[in-house]
Amino acid sequence: MHRIKSLSDYFKKYEQSKKDPDKFWSEIANNFIWKEKWDKVLDWDFESADTKWFKNAKLNITENIFERNLKDRGDKTAIIWEPNDPAQSPIYITYRQLYEETCKFSNALKEKGINKGDRVIIYMPMVPEAAIAMLACARVGAVHSVVFAGFSSTSLADRINDCQAKIVLTSDGNFRGNKIIPVKPVVDEALEKCSTIESVIVLERTKQNINMIEGRDYWWHDCVNDISSQCDSEILDAEDMLFILYTSGSTGKPKGVVHSSAGYMVYSSYSFLNVFQYDEGDIYWCTADVGWITGHSYIVYGPLLCGATSIMFEGVPTFPNVSRFWDIVDKYKVNQFYTAPTAIRALQAHGLEPLKDNSLESLKVIGSVGEPINEEAWHWYHDNIGKGNCPLVDTWWQTETGGIMISALAGITPNKPAHASLPLPGIQPVIVDSAGKELTGNNVQGNLCIKFPWPSILRTTYGDHKRCINTYFSNFKGMYFTGDGVKRDHDGYLRILGRVDDVINVSGHRMGTAEVENAINEHEEVIESAVVGYPHDIKGEGIYAYVIVNSKTSDDKIKIEITNVVRRVIGPIAKPDKIQIVSGLPKTRSGKIMRRILRKVASNDFDNLGDTSTLLNPEIVNEIIKGSSN
Ligand code: PRX
């Protein structure tokens, strides 16, 4: 399916995609099964955030995974599941088996009253059933919203309530390294705050004692016992919702990013095939969790649409030891390996000893995603994992973009350390200054925007289209604003510089500073807080919280309490790395917190604080510097 073969081919395709996008994308879309073809390829208006691809076409994405692949690839392995404990047997699932399991679970969903358009929450560990659940939703036309199983009950409840979900799919517990994490009890707690959930389906995984509520909670194995493995797919409109995925922004609560069926299908598979240059028979492994967009697009949909073999890993890189990733690469002879810089840096810190018994010979392509990869980590990854001869694809994209936007194409685009490099065909990035002026030519730096739609662009933010317009299409007129800074170097290659808004990227996970502040402020003795990011050796960015408290409690004790509040409200991934108790926060005369100063202090950059004389309370700066916990 339209695989790019060389650098000149890439430039040719890129030009074609710009000159005649309708022709370019319709030729790619012709490779899929459609119940009815489109009558227009693209309709768009960025001002009203209204984009429609393959207008009035009818399809079901799972037919393009199953019916399209079964004839030639029915006995081919679709998913290899590697359990948390390496002593436990892996599971190999063929395309035919995955099809049957998906159909069975689709029927189970229907029995529970799930119809086209209903929202389904998936709060599960990394087990094949999580992928089956997503595909079954897609088969019956329900809209899945996967919630990362590390989120707290409050975060889960917020998401359930926002999308008014009807059912939760979950597990009893979750194996993570040498720990068993309770999962069902978190769901129970969340559901105390939710009124729309009619049933809960629970997968037995860890076999610990849980509470099952009669008439609401059902075991997964009972639901699929004695049920047909045939299920006709629901026919959807190209623009019908495929899924909602919640993500953090610079203001308010996480928003539900909405992706639609046809565009997402076309772009996730096209980008998968071209970035990783997947060949028939290759074994591909993406280490992400299905709770994030990377897991959606590049563990489940992209690879399966291309008939690939995709590994799903339940565990963590450090269990039973820090060789685990490399052992898995050798065990399955992985050809394409895709992970996050934070994992690379964490493993790099252990030196080369954990690699000494691994050959890693099978690797053809290595990839990076989620945050800027620093040059040191890039070289370590390239030299020691890729052995200096695997192309390293640094893939820049976002939950909202649905698929990889800027990246080298493996073996085709010359590698340049720490540069995401060049846009994929169909993607038109532009760099604009703060006044919205486009900066053309090389050696420029500014805000990264995209000026033309691509098939998997977000369609809306669930239940609040205005928020979608305000967040992405209002900062720079007529453009999608990414929230990232970028530099175009002297060769025209793009280097992502990180977020330019109040979003922190912690270990490749997006956290809104306002979201963490709101959680901290729930502690009854907290008066005010300000959260900023600072450079962190392993996580990329750490969370630094400045907190004003009204309390006689010792600072150490209150810091622990604050950490626990954040864990409870959002989840462990949001807990601050550093908390500094302060008596005030630097504010402008209009009362706005000067985060720039707080960021500098958190980064130990005391000499470049800039002008502080215009502050309402300039004296606070010295106090903050003195007390900073660096
Ligand atoms: O800041 C960019 C960073 O991650 C943000 C998107 O986060 P999320 O929606 O959670 O998706 C992560 C996985 C696609 C972006 O705005 N980011 C992602 N990939 C890169 C990156 N920053 C630099 N280089 C990348 N390759």
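Quick note: structure is the one above.
Residues numbered from 1 in each chain as written. Predicted model: local features only at pLDDT ≥ 70, side-chain atom pairs only at ≥ 80, totals over all residues. Heavy atoms only, no water.

S.K.: What am I meant to see in the side chain of T77 here?
M.R.: Along the polypeptide, T77 turns up in strand β4 (residues 77-82). Residue T77 is classed as buried on the basis of its relative accessible area, which comes to 19%. Setting aside residues no more than four positions away along its own chain, T77 makes contact with Y92, I93, T94, Y95, A308 and T309. (Helix = DSSP H or I, 4+ residues; strand = E, 2+ residues; numbered from the N terminus. Buried < 20%, exposed > 50% of the residue type's maximum accessible area, 1.4 Å probe, protein only. Contact = heavy atoms within 4.5 Å.)

S.K.: Quick question: what am I supposed to make of the nonpolar core here?
M.R.: Nonpolar side chains tend toward joint burial in soluble globular proteins. By size, the foremost hydrophobic cluster in this structure holds 125 residues, and its most contacted members are W25, W34, F54, F105, L169, F276 and Y301. Filtering out sequence-adjacent residues up to four positions away, W25 remains in contact with V41, W53, F54, V266, Y267, Y270, P425, G426 and P455. Membership of the second largest hydrophobic core comes to 47 residues, among which are A190, I244, V516 and I570. (Core = buried A, V, L, I, M, F, W, Y, C linked by side-chain atoms within 4.5 Å.)

S.K.: I'm lost on the environment of M265 in this one. Help?
M.R.: The topology assignment puts M265 in helix α10 (residues 261-276). Note on M265: relative accessible area 0%, which makes it buried. Every residue in contact with M265, bar those within four places of it in the chain, is listed here: F32, W34, L59, I61, N64 and L305.

S.K.: Help me understand the packing of helix α2 (residues 21-29) against α10 in this model?
M.R.: When two helices pack together, their arrangement is given by the angle between their axes and by how far apart the axes lie. The N-to-C vectors of α2 and α10 enclose an angle of 85°; their axes lie 10 Å apart at closest approach. Classified by the angle between their axes, α2 and α10 sit roughly perpendicular to one another. In this structure, α2 contributes F24, W25, I28 and A29 to the contact, and α10 contributes V266, Y267 and Y270. Looking at the contact of α2 with α10 residue by residue, the class counts come to 7 nonpolar, no polar and no charged. (Axes fitted to C-alpha atoms, helices over the stretch in contact; angles between N-to-C directions. Parallel < 35°, antiparallel > 145°, perpendicular 65-115°, else oblique. Nonpolar A, V, L, I, M, F, W, Y, C, P; charged D, E, K, R; others polar.)

S.K.: Help me understand the sheet that holds strand β21 (residues 429-432) in this model?
M.R.: To summarise the sheet geometry, strands pair through backbone hydrogen bonds and adopt either a parallel or an antiparallel arrangement. Taken together, 4 strands build an open sheet; the order of strands is β21-β22-β24-β25 and the sheet is antiparallel. Of all strands in the sheet, those with a lone pairing partner are β21 and β25 (494-499), marking the two edges. When the angles between neighbouring strand axes are averaged without regard to direction, this sheet yields 45°. As defined by bridge partners, strand β24 (residues 480-488) adjoins β25 across 5 bridges and the pair is classed as antiparallel. Directly across from R488, in β25, lies its bridge partner L494. (Pairing = 2+ DSSP bridges.)

S.K.: Before we go on, may I ask you to explain helix α1 (residues 7-19) in this structure?
M.R.: Each α-helix winds once per 3.6 residues, and so residues spaced three or four apart point in a common direction. Under the 1.5 Å per step criterion, the end-to-end length of α1 is 18 Å for 13 residues, consistent within 8% with the ideal 18 Å. Every buried residue belonging to α1 is among D9, Y10, K13, Y14 and S17, and all of these are buried. The buried residues of α1 all sit within an arc of 135° when viewed along its axis, so they share a single face. For α1, the exposed residues lying more than 90 degrees away from the buried face are S8, K12 and K19. The secondary structure elements touched by the buried residues of α1 are α2 and β21. (Expected span 1.5 Å × (residues − 1). Arc of directions from axis to C-beta.)

S.K.: Explain the site of the ligand here, please?
M.R.: Close contacts around the ligand come from 17 residues, with D394, T399, D484, R499 and R510 the closest. Between T395 and the ligand, the recorded distance is 2.8 Å, taken from a backbone N or O atom to a nitrogen atom. R510 is positioned with one of its side-chain polar atoms (N or O) 2.7 Å from an oxygen atom of the ligand. Isolated, the ligand exposes 540 Å² of accessible area, and the fraction of that covered by the protein chains is 96%. Looking at the shell around the ligand, the elements with two or more residues in it are α11 (293-305), β20 (392-395) and β25. (Near = heavy atom within 4 Å. Polar contact = N/O pair within 3.5 Å; in protein donor to acceptor, adjacent residues only side chain to side chain. Areas by Shrake-Rupley, 256 points an atom, 1.4 Å probe, with all protein chains shown as cover.)

S.K.: Could you clarify how one ought to interpret unusual backbone geometry in this entry?
M.R.: Residues other than glycine predominantly adopt negative phi, and peptide bonds predominantly adopt the trans conformation. Look at the link from F319 to P320: it is a cis peptide, with omega at 0°. With respect to the helices and strands, P320 occurs in the loop between β17 (309-313) and α12 (324-332). One non-glycine residue, D226, adopts positive backbone phi at about 60°. Looking at the element boundaries, D226 is found in the loop between α9 (220-224) and β13 (236-237). With relative accessibility at 78%, the residue D226 sits in the exposed group. The phi angle at N443 is positive, at roughly 60°, despite the residue not being glycine. As for its placement among the helices and strands, N443 is situated in the loop between β21 and β22 (444-450).

S.K.: Help me out: how do you make sense of the pattern of salt bridges in this one?
M.R.: When their charged atoms lie close together, side chains carrying opposite charge are able to pair. Summed over the entire model, instances satisfying the criterion amount to 44 salt bridges. E101 serves as the salt-bridge partner of K104, at 3.7 Å between the closest nitrogen and oxygen. Of the two residues, K104 and E101 are both situated in helix α5 (residues 95-111); the distance of 3 residues between them amounts to about one turn of the helix. Three or more residues are tied together by salt bridges with common partners; here these are R3, D279, D282 and K364. (Salt bridge = Lys/Arg side-chain N within 4 Å of Asp/Glu carboxyl O.)

In short, shape yes, function no, at least from these values alone.
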